[in-house]
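Coordinate inspection notes
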Amino acid sequence: MHVAENKACGWQRDLAWALLVALMALAVSAIGGFKAMTNSNGDNDSLLRLVEVRDFMAGQGWFDLHQYRMGPEGGFVMHWSRLVDALLSALISVAKAFGMSTAIAESFARAAWPTLTYWLTAFFVVRIARRSGGVMAGLPAMVMAGSALFFMGTFTPGNIDHHNIQLLLVMAAVNFLVAAPDWRPAAALSGGCAALSLAVGMETAPLVAAIGSSVTGLFLFEGQREARTAVRFGLGFAGVSALVLVSTVAPSNWGVANCDAFSSVQFVLAVVSGVGLAIAASVGGSNAGRLHRIATLGLLAGIVAGIALVLFPQCLRDPYASLDPRLRTLWLDNIQEVQSLFQLMKHDRAFVVSGYVTPLIALVLVAFHLVRGDRRREVWIIASMLAVAFAVSVWQVRGITFSITLAVIPLAAWVAAWRERALKSPSPRSSVAMVLAWLVSINQLWVMGAGSATMLAETTTDTSTGDTLSECERPGDYTTLAAMPATTVLAVSNLGSSILVYTKHRALAGPYHRNVEGNRLVLDALTGSAETAEAVVREQHVGLIALCRGNAETRYLTGVAPNGFLTDLVKGRLPAWLEPVPGTMGKPLELYRVKAG
């Protein structure tokens, strides 16, 4: 990274430019017809989030996280936070206060939410880049962040799941930690943002641990200079965690330990580690030597680890260790966001290029500066965050949104250094180097290159007819189903969220790990015999079966079970207890009515 001015520079200007970039992205989506809002493209989380918001606004309790319309009778408890529901509900309520209909108000919220989070995420990325790479890093950071955030899809209008707010909160936490020496409340805000990211979802746990470890490391090696940062961060982290528990978890559940959602597990560990860090920094931050700090922090780490091992050992295992083996094989292993880099390299190398190259280049850059003796606190913070984010992305692909975004910071500093060199000492070499630095640092160029190579390879080897079937991801595909009397629908899990958001029916299956029984029953029915399917249908009071021939899950399950009930449906072999719904045959979503038994 380029060693340059480290002071805050024109945050109002950066905020305004980030807003302009976000509005430009919104305009591009608008010109394209807001495709993600008219075609879910498999984004089941955003669809189910809208269902949860509707349920909440219709009177479902704040602490009641049941999804009653999915799974077996009675539904199941979702692991998502009501905090996101509340913010989206507020946007819808504001729109309705201005006279908008419910449908238009929902569309407004679905466009406004990703745009607002896009704006603030880009702003924080640019602020961090300026502090770590100097004033000239602002422009490349804005260009790289604006491009990366737009094309990764997390902030596309219509995307209202929790991933965009999680990325925003992590970047806010890093920004405030980097700014801690210059602004007194910054460290506490960093701790608070870290705690809120955990409240929204456990996916950020490794990154929150990296932020906490960065604070601890700064205090360990710098002592008094970082003691106040450690105290304020620790208290902010513990304080907001306590507020999250009392505000989002019912008092009757305060003693319940959930590993996949904010509960007593996260609360206890956050309070012990946060308050413990604050005490250690208060006691050992003035005259104590490094050995004393090592001993104090080592004791704290031992206490936290002991609590986790003794009280919550189940949360230290594979989060899907207890999942039904059939669900793991037939469902979980086919979800891209939980696949590893090594799995992707076997069947989607273009995605590997687009998701891992710029973070890897950024890691090389920060490693180079650390080896060269750059010991600034910003470099250490960004290096640790980027290393953890990249490691998470190697384990599960869902981590690439964080690693690509964090990579912008050292890449922007690198481009800024060449820009400055080209201005101070103009030469063909410096100009070419600056241009090359720009080109290899923009993630979308790698995406385009990998996509072009893939298209070329497919063009030379493709022998298909070119016919494509609908994935059943458009609202219009569910018009007939929506007009039918409410019942329970049996369909592949990919259709579950769409059935809930576009109709009044219940869906037995949905792509959520807590819906174990519903997903297992549907897999048993679809891959088993017609007799097995009928037993499930009768037991669960299923009234309709929905078939989407073009959906990827349908194609996969028919391949896995060529003699199964789903394969029979696809081939038109209907059992006596089933009849087609007139007018739906040949449509993207074919419907079959269960005859009275």
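Residues numbered from 1 in each chain as written. Predicted model: local features only at pLDDT ≥ 70, side-chain atom pairs only at ≥ 80, totals over all residues. Heavy atoms only, no water.

Looking at the overall build of the chain
- Across its full length, the chain holds 25 helices and 7 strands.
- Over its C-alpha atoms, taken along the principal directions, the chain stretches across nearly 80 × 60 × 50 Å.
- Per-residue burial for the chain yields a buried fraction of 52% across its 597 residues.
- Accessible area for the chain stands at about 25900 Å²; split by element, carbon and sulfur atoms hold 65% of it.
- Averaged over its 45 positive side-chain charges, the chain has a centre that lies 10 Å from the centre of its 39 negative ones. (Helix = DSSP H or I, 4+ residues; strand = E, 2+ residues; numbered from the N terminus. Buried < 20%, exposed > 50% of the residue type's maximum accessible area, 1.4 Å probe, protein only. Areas by Shrake-Rupley, 256 points an atom, 1.4 Å probe, with all protein chains shown as cover. Lys, Arg positive; Asp, Glu negative; His and termini not counted. Charge placed at Lys NZ, Arg CZ, Asp CG, Glu CD.)

Let's talk about the state of the cysteines
- This structure, assessed with the given rule, holds 2 disulfides.
- A disulfide bridge connects Cys259 with Cys315, and the sulfur atoms are separated by 1.9 Å. Residues Cys259 and Cys315 are joined by a disulfide whose S-S torsion is about -80 degrees; by sign, that bridge is left-handed. With Cys259 in the loop between α10 (224-248) and α11 (264-284) and Cys315 in the loop between α12 (290-311) and α13 (325-330), the pair connects residues that are 56 residues apart, well separated along the chain.
- Bonded cysteines in the chain are paired 1-2, 3-4 when counted in the order they occur along the chain. (Disulfide = S-S within 2.5 Å.)

Focus on a nonpolar patch on the surface
- On the surface, Val432, Val435, Leu436, Leu439, Leu445 and Met448 cluster together into a nonpolar patch covering about 520 Å² of accessible area.
- Those elements that provide at least two residues to the nonpolar patch are α18 (428-441) and α19 (443-461).
- Broken down by element, the residue count for the nonpolar patch peaks at 4 residues, all from α18.
- Examined against the element boundaries, Val435 turns out to sit in helix α18.
- Taking relative accessible area as the criterion, Val435 reaches 42% and is therefore assigned partly exposed. (Patch = residues over 30% accessible without salt bridge, like charges linked within 9 Å, V, L, I, M, F, W, Y side chains within 5 Å. Salt bridge = Lys/Arg side-chain N within 4 Å of Asp/Glu carboxyl O.)

Digging into the environment of Ala308
- By the secondary structure assignment, Ala308 is in helix α12.
- Relative accessible area serves as the criterion here: at 11%, Ala308 is assigned to the buried category.
- Taking C-alpha positions, Ala308 is 14 Å from Ala209, a pair spaced 99 residues apart along the chain.
- Residue contacts for Ala308: discarding those within four places in its chain leaves Leu269, Pro313 and Leu316. (Contact = heavy atoms within 4.5 Å.)

Quick look at the pairing of strand β7 (residues 590-594)
- Most of β7 sits out of view: 4 of its 5 residues are buried.
- Sheet topology note: the strand β5 (residues 542-547)/β7 ladder contains 4 bridges and is antiparallel. Bridging across to β7, Leu547 finds its partner in Glu590.
- Bridge analysis of strand β6 (residues 578-580) against β7 gives 3 bridges, and the strand direction is antiparallel. Residue pairing in the sheet places Leu578 in a bridge with Val594 of β7. (Pairing = 2+ DSSP bridges.)

Things to note about the pattern of salt bridges
- In total, this model carries 21 salt bridges according to the counting rule given.
- The salt bridge partner of Arg131 is Asp182, with a shortest N-O separation of 2.9 Å. Placement of Arg131 in helix α5 (residues 102-133) and of Asp182 in the loop between α7 (163-179) and α8 (186-200) is noted, with a sequence separation of 51 residues between them.
- Its salt-bridge partner being Glu203, residue Arg398 comes within 3.7 Å of it at the nearest N-O pair. With Arg398 in the loop between α16 (377-395) and α17 (400-424) and Glu203 in the loop between α8 and α9 (205-222), this pair connects stretches of sequence that are 195 residues apart.
- Among the charged side chains, a network of salt bridges with common partners joins Arg49, Glu52, Arg82 and Asp85.

With respect to the packing of aromatic side chains
- Under the definition given, this model contains 11 aromatic pairs.
- Between Tyr478 and Tyr502, the aromatic rings sit 5.5 Å apart at their centres with planes inclined by 35 degrees, giving tilted as the arrangement. Here Tyr478 is found in the loop between α19 and α20 (479-482), whereas its partner Tyr502 is found in helix α21 (residues 496-502), with 24 residues between them in sequence.
- Both rings, one in Phe565 and one in Trp577, keep their centres 5.6 Å apart while their planes meet at 25 degrees; by these two values the pair is stacked. Taken as a pair, Phe565 in helix α25 (residues 565-570) and Trp577 in the loop between α25 and β6 lie far apart in primary sequence, 12 residues in all. Trp577 matches Phe565 in its accessibility class, with the two residues each being buried.
- In textbook terms, an aromatic cluster arises when at least three aromatic residues are bridged by ring pairs, as seen for Phe123, Phe124, Phe176 and Trp183. (Phe/Tyr/Trp six-rings, centres within 6.5 Å; stacked < 30°, edge-to-face > 60°.)

So, the sheet that holds β6
- Strand order across the open sheet formed by 5 strands is β4-β3-β5-β7-β6, with mixed pairing between neighbours. The outermost strands of the open sheet, each flanked by one partner alone, are β4 (506-507) and β6.

Quick notes on the side chain of Ser403
- Tracing the backbone through its elements, the reader meets Ser403 in helix α17.
- Residue classification places Ser403 among the buried positions, given a relative accessible area of 0%.
- Every residue in contact with Ser403, bar those within four places of it in the chain, is listed here: Gly355, Pro359, Leu386, Ala389, Phe390 and Ser393.

Considering the pairing of β5
- With 6 of 6 residues buried, β5 is to be regarded as a mostly interior element.
- Pairing between strand β3 (residues 488-490) and β5: 3 bridges, direction parallel. Within β5, the position partnered with Val489 by the bridge is Leu544.

Quick notes on the confidence of the model for the chain
- For the chain, the average pLDDT comes to 92, and 95% of its residues sit at 70 or higher.
- Note on residues 462-466: pLDDT is under 50 here. Beyond four places in sequence and across chains, it has 0 contacts. (pLDDT = per-residue confidence, 0-100.)

Topic: unusual backbone geometry
- Positive phi values are uncommon outside glycine, yet Asn41 reaches one of about 55 degrees.
- Structurally, Asn41 is set in the loop between α2 (35-38) and α3 (44-57).
- A relative accessible area of 62% means that Asn41 is categorised as exposed.
- At His541, a residue that is not glycine, the phi angle is positive and equals roughly 55 degrees.
- Following the sequence through the fold, His541 ends up in the loop between α23 (530-539) and β5.
- The class for His541 is exposed, based on a relative accessible area of 60%.

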